[in-house]
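Remarks on the overall topology
Read off the chains here:
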Amino acid sequence: MEDKVRDLRSGIVTVIFSLFMYFWMIPRQVKVREGIVRGPDFLPKLLIGLIGICGVIMVVRGIVFLKKQGELSVKAIAGEHLAIGLKRFFPQIIFLGVSIVYLLVMPYIGFITASIPLLVFLLLFFGNTHVLRSVIMAIVYIAVVFLIFTYVFRIKFPMGPLGF
């Protein structure tokens, strides 16, 4: 039963995340000109929509299972107690906080100047012990991504005060 309750909780979080992304994040990040049927926001909205549908399916399956078992209640969904031990989620909280700071800072300092420190941090955060190797990998990776998207796909990234 705990697996179905976990699925139900995950489904609820997935649906909330999808709605947030679909109605707030994507429209703020992707600009679409008037009168275009399928603009640059089509693929992100399609993917987030599919993720949201999967979340709804998880919620429905969890509710149906708990109803069949006769254990459908807020207490069963919330668990024994509503308190969440934040200590065990500390790495995820750090990752989320750094990602939010990156999204807020990138339009002002540019893609390259924001992405290189982020990637170095993530490489070190997830266990890479060589700082110099992480810096070199981040510079090469961000340069390749920047060049591919700029010259092959003709997508412009936010430019920083240094002009790149």
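Notes on the structure follow. Just so you know, these numbers come straight off a predicted model, no measurement behind them.

**Brief notes about the environment of Phe23**
Along the chain, the position of Phe23 falls in helix α1 (residues 2-29). A relative accessible area of 59% places Phe23 in the exposed class.

**Considering the packing of helix α5 (residues 111-125) against helix α6 (residues 131-152)**
Their axes nearest at 9 Å, the elements α5 and α6 cross at an angle of 140°. One way to sum up the angle between α5 and α6 is to call them oblique. Between α5 and α6 lies a crossing of right-handed hand. Contacts from Phe111, Ile112, Ser115, Ile116, Leu119, Val120, Leu123 and Leu124 in α5 reach Val131, Ser134, Val135, Met137, Ala138, Ile139, Tyr141, Ile142, Val145 and Phe146 in α6. Looking at side-chain class alone, the contact of α5 with α6 contains 16 nonpolar, two polar and no charged residues.

**Details of the environment of Phe20**
Note on placement: Phe20 falls in helix α1. What makes Phe20 partly exposed here is its relative accessible area of 41%. For the pair formed by Phe20 and Ile48, sequence separation is 28 residues and the distance between their alpha carbons is 9.7 Å.

**Side note on a nonpolar patch on the surface**
A cluster of nonpolar side chains, contributed by Leu132, Ile136, Val140, Val144, Leu147, Ile148, Phe149, Tyr151, Val152, Phe153 and Ile155, occupies part of the molecular surface with about 1000 Å² of accessible area. Locating Val140 in the fold gives a position in helix α6.

**Description of helix α4 (residues 90-109)**
Since the α-helix packs 3.6 residues into each turn, any two residues three or four apart lie on the same face. Taking 1.5 Å per residue, 20 residues should reach 28 Å; α4 reaches 27 Å between its end C-alpha atoms and fits that length. At Leu103, α4 shows its maximal bend, which comes to roughly 25°, and the proline Pro107 appears one to four places after that position. Immediately downstream of α4, the backbone of Gly110 shows phi near 95°, a positive value.

Calculation notes
Note that residues are indexed from 1 along each chain, following the sequence as it is written. Given that the model is predicted, a residue must reach a pLDDT of at least 70 before its local features are reported, and side-chain atom pairs must reach 80 or more before they are shown or counted; all residues, however, enter totals for whole chains, interfaces and linings. Hydrogens and water molecules were not included; the side-chain quantities draw on all heavy atoms of the structure. Under the DSSP-based scheme used, a helix requires at least four consecutive residues in state H or I and a strand at least two consecutive residues in state E, with every element numbered from the N terminus. The buried label applies to any residue whose accessible area, calculated with a 1.4 Å probe on protein chains only, is under 20% of its type's maximum; exposed applies above 50%, and partly exposed to all values in between. Lines fitted to C-alpha atoms define the axes, with helix axes restricted to the stretch in contact, and inter-axis angles between N-to-C directions lie between 0 and 180 degrees. Angles are sorted into four bins: roughly parallel if under 35 degrees, roughly antiparallel if over 145, roughly perpendicular if 65 to 115, and oblique for all others. Rotating anticlockwise by less than a right angle from the far helix to the near helix defines a left-handed crossing, while the corresponding clockwise rotation defines a right-handed one. Contact criterion: two residues are considered in contact whenever any of their non-hydrogen atoms come within 4.5 Å of each other. When residues are grouped by polarity, Ala, Val, Leu, Ile, Met, Phe, Trp, Tyr, Cys and Pro land in nonpolar, Asp, Glu, Lys and Arg in charged, and all others, Gly among them, in polar. Exposure above 30% relative accessible area and the lack of any salt bridge qualify a residue for a patch; like charges then connect within 9 Å, and the nonpolar side chains Val, Leu, Ile, Met, Phe, Trp and Tyr within 5 Å. Accessible areas in this description were obtained via Shrake-Rupley with a 1.4 Å probe; residue shielding takes into account the shown protein chains only. One speaks of a salt bridge when a side-chain nitrogen belonging to Lys or Arg is within 4 Å of a carboxyl oxygen belonging to Asp or Glu. One fewer than the residue count of a helix, multiplied by 1.5 Å, yields its expected span. We define the bend at each residue as the angle formed by axes fitted to the 7 residues ending at it and the 7 residues starting at it.

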